[in-house]
Structures are given as C-alpha cells and as structure tokens.
Amino acid sequence: MIFLPAVGAVLLMIFRSSETSVSRWTALWVSLATLGLSLTLAAHDASNMNQQGGVSRASTQQNPVQPRLGFRHTWLDFSESHANKNIPVAERYGRGLKLEFYLGLDGISILMVLLTSLLTVSAILISWESVRERVTEYYVCLLILETGLLGAFCAFDLVLFYIFFEFTLIPLFFLVGIWGGAQRRYAATRFFIYTLSGSLVTLLGLVMLIIQTNQQIPLSNPFSLPELSRALAENPMHVSMQVTLFLALSAGFMIKVPLVPFHTWLPLAHVEAPTAGSVLLAGVLLKLGTVGFLRLALPLLPDACIQVGVPLIATLSTIGIIYGALGALAQNDIKRLVAYSSISHLGFCMLGLFALNAAGISGSILQMLNHGLSTGALFLLVGMIYERYHTRQLTELGGLAQKIPLISVAMIFICFASMGVPGLNGFVGEFLSLLGMFEAHPIYAVIGASGVILGAWYLLTLLQRGFFGPVKIPPHTEHVPDIQLREAIAVLPLAVLCLWIGVYPSPVMKTIEPDVNGLVRQFERDRTTLFENQNREATAQAVSKEIQSQRHQHGASAHAVTQIPVGAARSSDRDIVR
Amino acid sequence: MFENFMETGLWLIPGAPLLAAALLALFGKAFFGERSHQVCIAGITVSLLLSLIVLFSGMKGGHASVSHGDENVEAVSQSHTTLGVGDNGLSAIYKSNGYEWLHVGDLRIGVDIRADAMTAIMLTTVTLVSLLVAIFAGGYMHGDPGYPRFFAAFSLFVFSMCMLVLANNFLLLFVFWEAVGLCSYLLIGFWFTRPSAAAAAKKAFVVNRIGDFGFLLGIFLIWTTFGTLDYEGVLGRPDLIARIAATSPELIYGITILLFIGAMGKSAQFPLHVWLPDAMEGPTPVSALIHAATMVTAGVYMVARCTPLYIHSPEVQVTIATIGGITALVAALIALTQFDLKRVLAYSTVSQLGFMFLALGSAAAGAEFATFAVTAAMFHLFTHAFFKAVLFLSAGSVMHSMGDVIDMRRFGGLKRVMPTTHGCFLAGALALAGFPLLSGFWSKDDIIAALSQATHHETYGTLFFVLWCIALITALLTAFYTFRAYFLTFHGPERFPPEAGHHPHEAPPAMAQPLRVLAFFSLTIGLIVGPTTLFAHYLEKTPGLPAAGEHHLHWDVMLISTVVALGGIGLAYAAYVGSRVQITAWANRMGSMYRWSQERFYLDEIFFALLVLPLRGLAQLCLLFDRYVIDRLLDFIGAVPRWFGRGLQPLQNGLVPSYLLVMFGGLIVMVLLMMQAWAG
Amino acid sequence: MISSVEIFADSVSRILPELVLIVTACVQFLAAPFLVSSDGTAPAGLRHRWGGLTLIALVFSLVLWNTSSVPYGGASSLYSPFQIDGLVWFTRGLTVAVGIVLVLLSWNQIPDNQAAETHGCLLITLAGVSLVSVMNDLVYLFLALELVSIPTYVLMYLSRKDAVAQEAVTKYFLLSVFSSALLLFGFSYLYGVTGSTHLQAIQSGLQSSGLSGVPVVLVVPTLLIIAALGFRLSAVPFHFYAPDVFQGTSFLGAALLAVVPKIVGVAAFVRIFGLLDTTGVLLHIGAPALWIIAVITMIVGNVFALLQNNIRRLLAYSSIAHAGYLLVGLAIQQNRIAPLAGVQAVLFYLAVYGAMTAGVFAILVYLNRTDRSIETVSDLAGLSQTHPTAALMTAIFLFSLTGLPPTAGFLGKLNLFMAAWSEGTSSGRWLAGFMAVNAAIGAWYYLRLVATMYLDPPAKPVDRNQDVPSFIGVVLCATVVLGLFAVPHWLWQWIAMIAAV
C-alpha cells in the first residue's frame, strides 16, 4: 500500500505524457486506490478488534508499542560484522544489529494512513486546474510525498521511521520550490535546511539510543521499535541518559511540529507552497513530529518525558498555543493566518501528548487527525478563494459570502470545526487534551485553555473581515463561479468527517485504545489514587444489595475519612530517581 | 408501556427540531422556500407536545424511575437521607441512554438524556416560547432571502437548547451550551452583510467563549475531583460533596466559581454582559427567543442545577448574589437612558438575569433556604421568558411597521395605529414592572423575599441587606424605564419615520396571534402557578434540591413591591406623559451621570482598551518578534559558516609556497601538540 | 623452505588482476604510436577501440578478482610483499568499478590520437590503487603509491592543455612530491624504530615492545604518515591543492582526483595503521591528531563549499568535506564491544562516496559540451526542464551527498554515526556531533545546486546530448547509489568479511 503511490509516480515518470490529463487521471486513480487500500486495512482492523473484543485486546497488549499487523524484512544486518574472532561466541550472541524493513499498523498509524490517503486525493483534486506547468512532475512529487508519509506512519523500525521522516523533505522541497509563490525558493530552502538540521540531531539521538541500549541489554534487534520498547520498559535506562536522548530526539520533532520558537519556517513554507502542498504540509507532514514524539520519545524514554518532557514541551506548547493564536490574530494574509493557527493547534496536540495519560494522549492523537482534516480543508478553501480572486489579503476581500455562498458556508463550517465548537471534531481533541493535561498539571491546561478564546477570536475575525459585511473584491473578478463539483468532492469528505468525529468519536477512540493503553501503562505504574479507591468502594456499595447493613458504616466513614487528597493525588508523582 | 414510549419519546423532543433543521439546511432553498417556517413549526410542535407530556407526568408521578441502574442510585440516595442533607440522589423522571460518545481511560461520556422537574419546566418554557416565536417569525421574516436559513438555524437552536436542558452530564451540557452559542452566532449575524451584525456576532461568541473557558476548567476540576462527569456521579452524591467540602473546600469553591464564570458569559452578567445589547443586531424574533427568553437563562439553569454543589460554598453564592446585584442595577441604570427600544429591552433582560442570580445567591442564607431561593430564580426565569418575549415581539412588530426604525425618538403615539401590539406590549410591560398580580410580580416578590431571608444571615447579613436595597431600587428603575419606553412609543402625538411609508400597519395575524397568546401568559401565568405554589411544589421534585421549608405568601414584601412598581410607573407617567420638559431638565441636572448611563458606563470602551487593544498589540509584537528576533537569529546562525569561510579565504591564495608553508606549519603544530600530549 | 620460484609464482598469482591492467596499459602505450600518424591525426573512432580494450581489461581483472581464490592470510604472507585479505578484495572491486565508470566517462572526452595514452595512464593508476592495498611492505607500498601519482600527472595534462591546466598540474605535482617526501620520511623513521619495513613485522614489533616510552618516538612518523596520506585524502591543512587543481583540470581529471586518491588514502591508512588489527599502536598514537584533522576538514570543506560558484571548485570542497567524514571513521578506535567498527563504516562510506562522486562528475561530463561548458553553478539552471533525466540523476547524487534517504549516502552517514557513537568515548560522541552539524551545512550547498536545477528557469535552450558512454556511467552510479540503499547487505557482507580476517 505504501509503495503504491511510488509505483504510480515511477510509472508517471517513465511514461511522461505530454497529455496532462493522463497524468492527472493516473495520479487520481493511484491515490484513490491507495485510499481504498487503506480503508480496507482499517476495516479489516476494525473487524479484528470486534472479534477479539476491544477490552480484552487492550489488556493483552504487553508492549508500549506493538503493531497489529506487521511486515518484516531484514535489510542491513550488522551482526555479521561481529564475526570477529577476538570476541567469544557467547559474548557475540544477542548483540545483533539489524536494520529491518519493518512496517506495521497499529491504531495510530491506521488513523494517520487514512488521513494521508484522504488528503492526497483532495490535494490532487484541488490542483486539477491550478497547476498548469510541469504537470507530470507535480503529480509525481505528490505521490512520492504520499509514499514517504505513509511509510513514516507505518514504520516500526527506528531507522526506517527516520528514513521516511527525512525522505518527505525531498518531494515537499520540490513542491514548494517549483510550484510555490513568489518567494518560493527562499521558503523551500529555509524549510529544507531548517528541518534537516533538526532531524540530524534526531538521527544522532536515535543512534545514541540504539547504541546505548545495545550495550546495556542484549537484544536480537535493537532497531525494532516493539522490541526496544519492551526491553526498555523492563529495564529502563538511566535517567540522565534518557534526558540527553530525549533532548536530542526532540530537536527534530520540535522543529517539525513546530513548537515555538522553532516555528518560523512554517508560515513561510505555507504561504509559498501551492495549495496541495499546504494541505499535505499542514494536514500530515506536521504530524510526523508529533508521531515522532508519540512513537519514540514516549515509549522509549518515559522517565525523561516526565522529568524534562513535561516541563519543557508543555511550556513550549502552552506558549505555542497563545503565541500562534496571537500571530494568527495579527495576520492579513488568510493563508498565513491558517498557518499560525496550525501552530496553535499543534500546541494543543503536544499539550495533550505530554499529559502522559490516556485522556491526554488520545486527545492528542485525535487532535492530530482533526487538525489534519480541518486545517487541510481550510487550506483547500483558501486555495479556492485565491484561485478566484488572486489575492489572499483580507484587506482586499470582503463580503465573499454573497459572492461565493457555498464556499463561504464550507469555510464557516470548517472554521467552527477548527475553533473547537462542540459537535465538530476540534472540540473532542481539544477537550481531551486539555482534560488530560488538567489532570496532570492544571496550570498548563488553564493557560492553554485560554487559547480557545483566542482561537474563536481570530477565526471569527477572519470570517467577519473576509466573508461578511459589504462586498469587496479585487477588480475584474466580478463573475467567478462558486464551488465546482471537483472542489466540492475534495472538501466534502473532510467536512463530513469533521462532523462525524465530532458527533461520534467512539470508533476513532476504539481504534487507538489498545495503543494508548499500552503507552500509558508505563506512566501509570505507580499512580494509584485514594480517590479511585473511594470510587470503587462507592460503586461496590451501590451495586451491593445489602444497603441496609452498610448504612451506618458508611455514615460513619463520611466523618472518619479525614484526609482526602482528591484531585491532587491524581497528578503523576512517579518516583523518578532510581 | 407508556414509559417505554417516553424513553424514545424523550429523544424526539430535541430530535424533531433537529430533523427540521437538517431538512431545512439541506433542502431549504430548493424545496421548502417560503414554507420553511412550517417545517420548523411542525418540529417544535412535536417537541412542545412531548414536553407537556413530560411535564404532566412529572406532576403525577414524582420519582418515577425508568431506566435501569437507577434503583441503585436511588437506593444510595435513600440510604443517606439520615445525613440531614435533605432529599438527595439524582433520579430522573425519565432517563434514556444514547450511545457512548467518548470512552478514554476512566472517562466515559455517554450521550444520555434525562428529564426531571426542573428540566420539564425548562423544556416546556423553551418549546412553548419557541413555538410562538417561530409562528411570529413566519410573518416577521417573510420575504427575507435567507428565509430557509433563518428557520434552519432557529430549529437548530431549539434542538440545542432542548439538549442543553436534557443533558445528563456536564460535558454534554457544555457541548450544547456552546452549540446554542453557535446558533446565536449564526442568528445574530443573520444579516451578515451589515458590518455591525457581523461584528456583534463575533463579539457575542468571543465574550461567551471567555465564560466557556471558565466552564471548561470547571468541568476539568469536576472530573479530577469526582472522577465522573455524570450528574448522578456528581450532583447525585451529596454525601461525597459534603465530605470533599469538609476536607478540601477549595475544590468545591473552584468548581462552583468556574461554573459560575461560564454562567456569567452565557447569562450576560456584569462584566461579561457587553455582548447581549449588541446581539440586538439579529432579527427581533431571535432577540426575543434566544437573547431574552431561553438561551441567556441557561446560566441560571446551570447554577440552579448545580445547587448541591453551591450549597457547600456560601462564599461563592455571595459572590453570585453580588454580581447579580451589580448587574441588575447597572443594567437598569443604562436602560434608563437608551433610545433604542430593543436596547432598552436588552438591558432590561440583563437586569432581570441579574435578579435571577441575586435569587440564586441568596441561597447562601442556608441550605434550608436554598430550595426557596432556587425556586424563586427558576420562577422568575419562567415568567420572564413570557413577558420578555412578548415585549420583544411587540418591539419587533413596531419595527416591522416602522420600516426597521427602532429609535424611540423618531416615532411615537402608536397606540391607535397598532392596537394589538400596544395591548400586548402593555401587558408585558406591566408584568415586567411587577404590577400586582401579574406574573412578574409574583416571581420578583419571591426573589425579594429570598433576599430578605438572607439578610438574617450572620456573616453576610449586611451585604444581603445592601443587595436587598439594590433589588428594590432596581425594581423601581425597572418599572420606570419599562414605562418610559412604553410611553415614548405608544403615547404622545403620532409620529412616524419616513421609512415606515405612508400607512403604518398593524401586525399581520401570523404575528399578532402569538403576541396575544404570550401576553395572556404574561398576565396570568404568575397568578396560576405562583401563589398556588404549583410551581414551587413542582420544582421541589427536582432531585438534588434540598428539602424546602413551608411556603407562605410574604404579604410584607408584596406590599413593598407593589408600592415600588406603582411608584416607578407613576414616575414614568409623570415624566413622559405629564410634562416632557421636566425630564430633560432632570437629565441636564444629572449631567455626567446621565451621559455615563447613556454611554453604557463606557464598559465597551474599557473592554476595548484593557483587553482588545493590548492583545492586538501583543499579536503585533509576536509578529515582530518572529520577524526580527527569531528570523534574524536564524539568519545569523545561518550566516556564521559563511563568515567563517570568508575569514579563512585568504589562506586559499593559489600560491604553492604559501600552501607548502601552511601544510608544513600545520604538521609542525600537530607534532608539537602530540609530543606534548604523549610525553606529558 | 619455499623456493624463490614458488615465491614468485605465488606473488604473481596474488596480483594477477593488477598485472592484467598493467599489461594492457603497456600494450596501449606501445601500440599507440603506430596507430597515430606523424602529423598527430588518428583514424576516427580509434578512441572507441581503445576504450573497448580498456573495458575488457577491467572486466577481465574483475573476473580474475572473482575467481582467484587465494586463501586468506596464507602462511607465506610474512615472506611475501603481497598480502591478500578482505581489504584487498574490497579495494580491488571498488577500483575496478570506479575504473569502469572513469573509462566510460573519459570515452568521448579525449581525442582519438590520445586515447591510448589516456586509457593506459588510467589503467596504471587503477592498478596502483589496487596494489596499495595489496602491499605488505613499506617500500612496496611507497612504490604503489607513486604508481598512482605519476600517471595521474600525465592524465591531467593530457585531458586539458591550456595554461590554467598546466598551472594546476604543476601545482599538484609539486605538492604531491612534497607529500611523498613526507611519507618517505615517515617510513624511514618507522623503519628506524622497528627495524623492519614489513608491515606485519612492524605491527608485531610495536605490540611486543609495548607502549611504554615508545610513543614519543613514534609521534613523528605517525604524524608524517598521517600528513602524507592526509594529502591524498585532501584533509585540512593538506587540502589546498584540491580546489585549485579541480578548477584547473578537466572533468575527467577532477573526477579522478576526487575519487581515486581517497581510495588510495584509505587503503594505505588501513594497512599501515593496522586498522584490521584490534590493537593498532600507531592508530592509538595518531588518533587525537586524526580527530582534530577530521573535525577541521569537515568544517573547512563545507564552509568553503558554501562560498563557491565554480562547480568544480565546489565539488573540490565537497570532496574535502567528505574526506572529513572518512577521517571520522578512521579516527575511531576499535572497541571490543562496539557493535560497529569505524573501519567498516569508512569502507562502506568510501564505496558510496565513490559511486556518488563519480556519478556527479559523470553527469557533468555528460552535460558539458564545447559550445556550452559547465563552469559555474548557474550553468545548471533549469536543467530539470532541458534534461529531466539528467537532472533527476544529479538530484539523486546530490541528495546522496547530503546524506538523505533513499540513497546510499544516508546509510553511509548512519554507519559513521553509529561507529562514532559506539566508540564509547566522549571524543567519539563529539565527532558524531560535529558530523551532524556539518551534514546540515553541507545540505545547504547541495540543495543550492538542486534548487538551481529545478527551481530556476533554463539559461538557454540546449539540444539533447548524445554522449552515451558517460550516460551509462551515470546510470551505473545512480543504480549503485540507490541500490546500496535498497540492498546494503550486498556490500556489507564483503566489508564484514574484512574484519573477519
């Protein structure tokens, strides 16, 4: 499935046709086929889950990270280099070092894969007419980008993940650089160098992680994420080492996410990128950073996450929420505004992630999905507007709701989804993220929640200035068509999903439940709360039919319990020092 | 069997308007067009009928528990009656579980609905008023290009509001809390081509969001404290609340104050009331329904619903009372000098909401008074819905006939031209002013009585006395400004603005009929359910409310308020019908006070200066920071290698001897270094 | 005792592939004058024949490489100047592969009348490279090194004859001689200390004498050897010739200089410093110096490359930077429990480097035409529109040089990272860190090339080039660059075998 788009791309490249429509249709069919495949996989997974029963599955998962489907193929086996005769066989044993081509699917990757394949279809549809130059190459880039993204989400080998992680830079560089706006070259270069610099540090961190683990615990394959996470869960690394590793790994991910103050590449890249590029960049590419944290930092370096991750990342993401929102507030360019809103949204995402509890992490994953859908759709719509009026400046636009009502309705809808109005998807993610954080560290959640106010402010300002009020459009654009069927097909699924997740998020939650539980367990090992005991006790009593006999006892206990660290005890005070 | 029917029937209460909304949103323009209002009205009618069933079955049945699992809760609650907290536990009249909305870790949120006495009252109020307003709007909005859109949003609002009151957990409450805000946004900004409407819509939403921010945090705190968000798990466990309040009262304080912040936003309490007057940019039926009768009372409903929590935090209740008092007084003062008829009514709404919170806050007098205080608030909410709706709709009718002119200085003496409207407005105005025996009179009396009870409180007695005085003054002012508006509009010489055309007309029947019905309710509903304690006894059945004491009529209070109401009306008559000169002189004499009132105490400006401007400035600062600090820093880092290279470039001069020199020099240096390292 | 005849036969059998190359070269040198008439004109298409012959020789030697199964570490290796082990196999294979590409690359670049000489010199150089890894004795090693150098001068002169080229050749010659002198001086020192020129004898002598007291004496020869080999690798501060010479010479010469001396340097280094042994005394002494040189080389190479506009000069600095990466691997000391040894990483990287650098030069040769020469970066502008395939290939090479997946360059860097980290000392970790920083700087100028090709509009319309051989070279290199990423195991098993000896 992952390589299907790549195959398509190669085919396109080989049979480069002068007839642009051939490229378009090929790309579309390939992306549709990918979408179909990923849907099939998701459905397969869902039926599997149903057969096994969600709860039992959740309890049987032993590893913090464990794919449900997997494909492994040894790729580069370093262990043979240890056929060194100076090292006794006994010592050699178990010190394998194998790069594996290890792809797998767990709940998280299923969601991300679906998102990617869906957004790619939209991206192809939206560029149908707006891209007129070097069409074949354009679709090749898009398809290759899709491959990279899919691969990164499915990789369960550390190096493989990194490979896909970095690989995505290349097609995106071309997308921004060739088909971008006026400053495209600067934007593409900056984006490339900036993220590459960060990810090199990440690579260093990965190498560190593998070597250190390998010296500590004999593993048959230290590159394999599930094996590594299991080993480290049983036998954690020293905390100071974890902290170093965490910082190294975060370097790349923080830039990718991006967290303030590493965000400045993002608005630039977004503004210059073609619509499809923006859609994929915001919708999927940024998630590589969060998925990186989720996949690597959380399961492998739990103590560092608690000790450094929470104060550092949570602070940065809190700042990011506010900063991004303020940045968006001050924008005049719609695309730039949406770009800054991404920073704010990703802040929620990271905040939830580093709540390190089930609610927070689930919320965070959901928020990744949501942001992909809503921001992707926003970029699609902004692209449509730009195509019609050739400007994105709010000062030059106004009253569009009268001129292009359907696009405006879509815009309003997506804006509401994006600002987290309940009933639409954004709310669920934000709510869970903040709830999780509130449980763990209320102060971050309190500050972060104020981003909700600002979010409403800037998005409504956008609507007010651009779509309401008297008509103000650039000259010579009096008669422009409203949404086209093709464009509607690109946006509609996203909008429907926004509504669906908002109204009925349970299926999504079920999909990621085992993975989240697996992750969370290591953070919850020592977390028991008096309150939960009380709760249990109360439930037990409620269920019990012998209420009469317990009445007095309970009445007494109400006075007997003198200290109830309710709430406070729920924070994660895990003993870190070993 | 009937109960089984109601389990699904309960879903139809919000379901019918939702269906209507969906139909209108999807096919409104193409299929229904000018008949859109019929769809909406049909949906609401279904809701209303079912609500009435719920209401009356509640009257008969009392604690009729339907759903499974309720026995347990009830059993627990029975087991705690000995604790003396009163009739606790939270069993519903009807309860129905929908689907599981969220299940993450320990967090389980279901889309479950429940109906108890309080819900039934709210539901009936909401659906009844909605129905009447929808009928009115069918005439009022006739010919508007966005006709289907209007009724789609309208139906959506009714759905959300029903769900809000039916919700069985805090999250669901919050969801629909925001959803009604969304509908309000859509309806305020209905005429989106007007910049002022778009701005007002945004302002309403954002200010509401400030309140929601508090609400959200309150929910978080509930979750961390109780480990559940279901009403049963929180409100239905007074013993637990009592234990927590005994050991860590700050948690309960936190929850209650945060929830109240939410209520402040939605119910337009000072200083978050600024959005409501601006919301009058929306079509008048919207003002009547959302911004007077139903949505804005959601805050009152929520605080009332959470009484089990609030009775453990008297300080918060006092805060509520204080803010309620300030709101009531400030809004009444502002209303005195406004010339925009709808704005007068809007401020009057704010003021009356303040009254309701005054009542809720007066529950601080003690747990045994709590029910009485809550009843007073809910009763006022109930009556207010009718008379404020009729006032607004009458104002709408005036607008409709005056060509959308709403400035009272530009028309007058409409008594003869629009007799029905005049009569209905008068009925509403009398009720609002608290004219004896009309609905406003009874509910206001209850509030003042609750306050006077609270003055006996040992710690806060003095404060409550002040608040009691404020309440009376406000009541006086209310009577005055209401009748000021009434006299200015309907009395005096006939004047029409040019926009009205040549023949100002009476409202068409579609608009007049609902007006009459509402006016009838305004006049009588208080008398029917008030002194007969029908309302109070019904509301008492709400699970979670502490046992109430004896009900009796407060003759002393009634006397005082009668005097006050008549005094206010008399003053207004003297000022606006008797002689016009006098009031202008008065106004001049008041000087700055008058201007302050007219300019709404400059609150909008203060908000702008203290919040909006600094934030905008900060936003610009962020941009500059991005551009000039972060980017410069990056450029700097990027430039370092280049500078480094430039600095070293002279070495690469193309001359072999110099190359040799550097090579050899490098070698020597290294040899020396290594020698030292290995030898040393 | 083994008779001298046996020794001779044994020796010949050990260097059979190299002999094939040398014999072919001799044939070419001898036959060429007869085929070219006195006025210097040669029959058209002569270069095809010579090229074909050279290719055949290379392939034949490749066959011999694959078939000659001399047992590893035969008992006689102590008595023979030629030692056959995994390193030799690796170097030979690499040399021949690079040789094939170079031949393809030079195919149409040289006039018919000089084809024989050029190919002959090329073959001898390649034979020299191969021999460097075979030599087991300091004297022979030196000879082999000179066997590489001397034809290189000729080759560089042959391929371009203007004043600039002459200056470049002269420069290279002078500096090269200087480095040879340093090497010789170092060797003699080594001989003085250990009393032997035989490498294994030296190693065992150093080991048995222990480290106490010896190091100070050994510092000078170690550093001299490092300096001399550093010149081959173009390590700072012995790198100065590279940019000037690259700029001054032809693409062929530059390609030769970019790849061949690196192989030589690494092979000689591994040999002399006994990297395949776990207790290299000399390496122990030289490691700090190597560390410093590696860091400086990386930084200088990358930083200067940033400033260049001339494409060959840029590539020269790029090759310097890569020399730094290679030195990273060499500076890493052996660690018993390290999962990955530095030398393995270096050898892998060397192969990858050879493929990608040769590829870049091949593509430049392919694009370079007399009427439109490729000199500056801007000459590449818009390549993606005029030569889409060539642009794609170049992009692959450049991304490989940057170290991005999915190219072998990524795996090479990854291996070096891992090797540096698994040394287990803080100096190794610092090296890895410096490498990461430099990789980021490096990305900058490679990306600039890519951007020029893909983002800029074409400078002027050009017709399609028909230089088939160089294009075959390009495709070969691209295949290797991508192939080594997809199936790195194929190469790695050979490298793993080297350590197994």
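In short, a report on the structure. In this text, all values refer to a predicted model and were calculated from it rather than measured experimentally.

## Concerning the overall build of chain B
Line of reasoning, step 1. Across its full length, chain B carries 27 helices and two strands.
Line of reasoning, step 2. In chain B, which comprises 680 residues, the proportion classed as buried is 63%.
Line of reasoning, step 3. Sequence-distant contacts in chain B: of pairs separated by 6 or more residues, those separated by 24 or more amount to 81%.
Line of reasoning, step 4. In the structure as shown, chain B presents an accessible area of about 23,200 Å², 69% of it carried by carbon and sulfur atoms.

## Some remarks on the packing of aromatic side chains
Line of reasoning, step 1. Tallied over the entire structure, the rule returns 66 aromatic pairs over all chains.
Line of reasoning, step 2. Residues F246(A) and F354(A) carry aromatic rings whose centres are separated by 6.0 Å and whose planes lie at 75 degrees to one another, so their mutual orientation is edge-to-face. One end of the pair, F246(A), is in helix α11 (residues 239-256); the other, F354(A), is in the loop between α15 (334-353) and α16 (358-389), with 108 residues separating them in the sequence.
Line of reasoning, step 3. Judged by its relative accessible area of 0%, F246(A) is buried.
Line of reasoning, step 4. Where Y153(C) meets F173(C), the ring centres are 4.9 Å apart and the plane angle is 85 degrees; that geometry is what we call edge-to-face.

## Brief notes about the interface of chain A and chain B
Line of reasoning, step 1. Tallying the contact residues gives 72 residues for chain A and 65 residues for chain B.
Line of reasoning, step 2. Summing both partners gives a buried area of about 6,100 Å² for chain A against chain B, and 71% of it is carried by carbon and sulfur.
Line of reasoning, step 3. Among the salt bridges present, the one from R190(A) reaches D631(B), with a minimum N-O distance of 3.3 Å.
Line of reasoning, step 4. Taken together, the connections running from chain A to chain B amount to 13 residue pairs in polar contact (both at pLDDT 80 or more).
Line of reasoning, step 5. When residues in the side of chain A that touches chain B are grouped by element, the largest group, 13 residues, is from helix α20 (residues 442-466) of chain A.

## Describing the pattern of salt bridges
All names here are of chain B.
Line of reasoning, step 1. Applying the stated criterion across every chain, the model contains 20 salt bridges over all chains.
Line of reasoning, step 2. Across the pair R194 and E281 runs a salt bridge, and its minimum N-O distance is 3.5 Å. In this pair, R194 sits in the loop between α6 (170-188) and α7 (195-226) while E281 sits in the loop between α11 (275-278) and α12 (284-293), placing the two residues 87 residues apart along the sequence.
Line of reasoning, step 3. The partly exposed category is assigned to R194, whose relative accessible area is 33%.
Line of reasoning, step 4. We classify E281 as partly exposed; its relative accessible area is 22%.

## Quick word on the side chain of K262(C)
Residue and element names in this part refer to chain C.
Line of reasoning, step 1. Mapped onto the elements, K262 comes out in helix α11 (residues 251-272).
Line of reasoning, step 2. Buried charged residue K262 carries no salt bridge. Nearest counter-charge: D244, at 15 Å.
Line of reasoning, step 3. Engagement of the side chain of K262 in a polar contact is seen with the backbone oxygen of L233, the distance being 3.3 Å.
Line of reasoning, step 4. Each residue touching K262, except ones within four places of it in the same chain, is listed here: R232, L233, S234, S319, A323, L326, L350 and Y353.

Analysis parameters
Residues numbered from 1 in each chain as written. Chains lettered and ligands numbered in written order. Predicted model: local features only at pLDDT ≥ 70, side-chain atom pairs only at ≥ 80, totals over all residues. Heavy atoms only, no water. Helix = DSSP H or I, 4+ residues; strand = E, 2+ residues; numbered from the N terminus. Buried < 20%, exposed > 50% of the residue type's maximum accessible area, 1.4 Å probe, protein only. Contact = heavy atoms within 4.5 Å. Areas by Shrake-Rupley, 256 points an atom, 1.4 Å probe, with all protein chains shown as cover. Phe/Tyr/Trp six-rings, centres within 6.5 Å; stacked < 30°, edge-to-face > 60°. Buried area = accessible area lost by both parts, 1.4 Å probe. Salt bridge = Lys/Arg side-chain N within 4 Å of Asp/Glu carboxyl O. Polar contact = N/O pair within 3.5 Å; in protein donor to acceptor, adjacent residues only side chain to side chain. Lys, Arg positive; Asp, Glu negative; His and termini not counted.

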